[in-house]
Amino acid sequence: MAPGGLFGTAAVAAVVSLAVHVALNCPIQPVPSRPPPAARYTPNNLLQGLEKLGEGRLIKPEDVYVDAAAGGTLYTATRDGWLQRMHPNNGSWEQWRFVGGTGLLGIAPSADGSMLVCDADKGLLRVEEDRVTILASTVDGAQIRFADAAIETSDGTVYFSDASTRFGFDEWFLGYLESRPTGRLLKYDPRTGKASVALDNLDFANGVALSRDEAFLIVCESAAYRCLKLWLKGDKTFQTETFVGDLPGSPDNIHRAADGSFWIALIQLRSPWLDLVNRWTLTKRIVASFPALLDRIKATAKGAMVAHVSEDGEIIRVLDDSQGKVINFITSVSEFDGDLYFGSLSANFVGKLSLAKVPQVQEAVSS
Ligand SMILES: *[C@@H]1O[C@H](CO)[C@@H](O)[C@H](O)[C@H]1NC(C)=O
């Protein structure tokens, strides 16, 4: 046999074994990704000026909630299963309530003084002084796989997001690569004790927030670079429309500020490598079939970004740490008393930045 023939045989053998490996091991059934928005922001790296709170004791604090009524007590949930809080008067941290597990994500206050917690693996929880109650772990008879963020309305109804029906929190990146919009907005009714589906087919359902007058709710769709508005009152009740779209990142948690505007954490899931993988469903399938390769590709996406958005959905300003030098992968941002607080799934602290350090007016989007 000629050397060229040998080479050809080896190449065919390699392709066949790759095809067999992918056929046997690929955990996803991908569809094409949505094209990312064309608009680009000039990096300002303003987030690099932040201060680190609780550094070393907070393992990947995903969400942050500031209790204004308690003078700014700051709450977060960490990967060791604790709800932790910081007292504003002396800056000391306290392990406040133990829930357990590694999947504690969104936290939100309840009118009765308890805390609502989304446990990605267990569902919607109510955490009280001496007990943890599962409010909803199933909907329509099926397990909730990825409870993500919650908000309570003044009548006691709790809206919460379920990011994906296909993959849980530990496998969120597979769900992202697969790109099937299976996320949902769920609604827990305390009167019946049951959860129901308010919206489905969401493209990775994530943060939820209410407008000041509770006329509408916002739910973010990370993989669609947008947040939706669901009307709860008025003649458009139960209709949806885009609240803000073409965001320069994938929206994660959203929190309302005292003036009625919103802060949205924007995960940065772009890199030349990731963009390349996302171009074809075949490359997605190949990468998803090799866990080590998947981790390498995931790690190429760096940076942190947050956006301040008006009550009408206009982007007011964007702050970033474009290469993730000080903070990476911000998943939550809350404003309280002139400061911003940041949660992150790649940090061991909560970030704090005074808005006095941030210019008020910024250049808008440049295409
Ligand atoms: C900080 O303040 C809180 C609330 O006032 C108090 O319970 C706690 O003991 C204080 N911690 C320290 C270390 O002073």
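Up top is the structure these notes are about.
Residues numbered from 1 in each chain as written. Predicted model: local features only at pLDDT ≥ 70, side-chain atom pairs only at ≥ 80, totals over all residues.

*Asks:* How should I be thinking about the overall build of the chain in this particular structure?
*Replies:* Within the chain one finds 5 helices and 26 strands. Here the C-alpha radius of gyration of the chain, 21 Å, is about what a compact globule of 367 residues would show, namely 21 Å. Summarising its shape, the C-alpha atoms of the chain cover approximately 80 × 50 × 45 Å along the three principal directions. Put simply, the chain has 367 residues, and 42% of those count as buried. Intrachain contacts of the chain at a sequence separation of at least 6 include 53% that bridge at least 24 residues. (Helix = DSSP H or I, 4+ residues; strand = E, 2+ residues; numbered from the N terminus. Rg over C-alpha atoms; globule rule 2.2 N^0.38 Å. Buried ≥ 20, exposed ≤ 12 C-beta atoms within 10 Å, placed from the backbone. Contact = placed C-beta atoms within 7 Å.)

*Asks:* Hey, could you run me through the site of the ligand in this one?
*Replies:* In the neighbourhood of the ligand, the contacting residues comprise His 87, Asn 89, Asn 90 and Ser 92. Across the shell around the ligand, the residue classes break down as no nonpolar, 4 polar and no charged. (Near = placed C-beta within 6 Å. Nonpolar A, V, L, I, M, F, W, Y, C, P; charged D, E, K, R; others polar.)

*Asks:* Help me understand the sheet that holds strand E20 (residues 250-256), please; the structure alone is not making it clear to me.
*Replies:* Strand pairing within a sheet occurs via backbone hydrogen bonds; the two strands may be parallel or antiparallel. Sheet architecture is open: 4 strands sit in the order E20-E21-E22-E23, paired in antiparallel fashion. Every interior strand has two partners, whereas the edge strands, E20 and strand E23 (315-321), have only one. Sheet twist, expressed as the mean angle between neighbouring strand axes with direction ignored, is 20°. Here 5 bridges tie E20 to strand E21 (residues 262-267), and the two strands are oriented antiparallel to one another. Opposite Ser 250, over in E21, you have Ile 267 as the bridge partner. (Pairing = 2+ DSSP bridges. Axes fitted to C-alpha atoms, helices over the stretch in contact; angles between N-to-C directions.)

*Asks:* Help me understand the sheet that holds strand E17 (residues 216-221), please; the structure alone is not making it clear to me.
*Replies:* Strand order in the open sheet formed by 4 strands is E16-E17-E18-E19, and the pairing between neighbours is antiparallel. At either end of the open sheet lies a strand with only one pairing partner, and these are strand E16 (205-210) and strand E19 (240-244). On average, each strand axis in the sheet is tilted by 30° relative to the strand beside it, whichever way the strands run. Where E17 and strand E18 (residues 226-231) come together, 6 bridges link them in antiparallel fashion. The residue bridging Ile 218 from the neighbouring strand is Lys 229, located in E18.

*Asks:* Honestly, the nonpolar core in this entry has me stumped. Any pointers?
*Replies:* Within soluble globular proteins, side chains that are nonpolar tend to cluster in buried spots. Ala 150, Phe 160, Ile 218, Val 219 and Ile 264 are the most contacted members of the largest nonpolar core, which totals 101 residues. A per-element tally of this core places E21 first, with 6 residues. (Core = buried A, V, L, I, M, F, W, Y, C linked by C-beta atoms within 7 Å.)

*Asks:* Where do I start with the environment of Arg 285 in this structure?
*Replies:* Residue placement: Arg 285 occurs in helix H4 (residues 281-288). Taking C-alpha positions, Arg 285 is 42 Å from Arg 85, a pair spaced 200 residues apart along the chain. Once residues within four sequence positions are removed from consideration, Arg 285 is found in contact with Val 22, Cys 26, Ile 28 and Pro 30.

*Asks:* Looking at this structure, how should I read the environment of Cys 220?
*Replies:* Turning to its location among the elements, Cys 220 is positioned in strand E17. On the neighbour-count criterion, Cys 220 (33 C-beta atoms within 10 Å) is buried. Measuring from C-alpha to C-alpha, the distance between Cys 220 and His 255 comes to 11 Å, with 35 residues separating the pair along the chain. Residues in contact with Cys 220, not counting those within four places in the same chain, are Asn 206, Gly 207, Cys 227, Pro 251, Asp 252, Ile 254 and Ile 264.

*Asks:* Explanation requested: unusual backbone geometry in the structure shown.
*Replies:* Trans is the common state for peptide bonds, and a negative phi is the common state for residues other than glycine. Non-glycine residue Lys 60 carries a positive phi angle of around 45°. Looking at where Lys 60 falls in the secondary structure, it is placed in the loop between strand E1 (51-53) and strand E2 (64-67). Given 19 C-beta atoms within 10 Å, Lys 60 falls into the partly exposed group. A positive phi angle is found at Tyr 225, which is not glycine, with a value near 55°. The residue Tyr 225 is located in the loop between E17 and E18 in this model. With 23 C-beta atoms packed within 10 Å, Tyr 225 lands in the buried category.

*Asks:* Could you clarify how one ought to interpret the environment of Val 16 in this entry?
*Replies:* When you line up the elements, Val 16 lands in helix H1 (residues 3-25). When the C-alpha atoms of Val 16 and Leu 210 are compared, they prove to be 53 Å apart, with 194 residues separating the residues in sequence.

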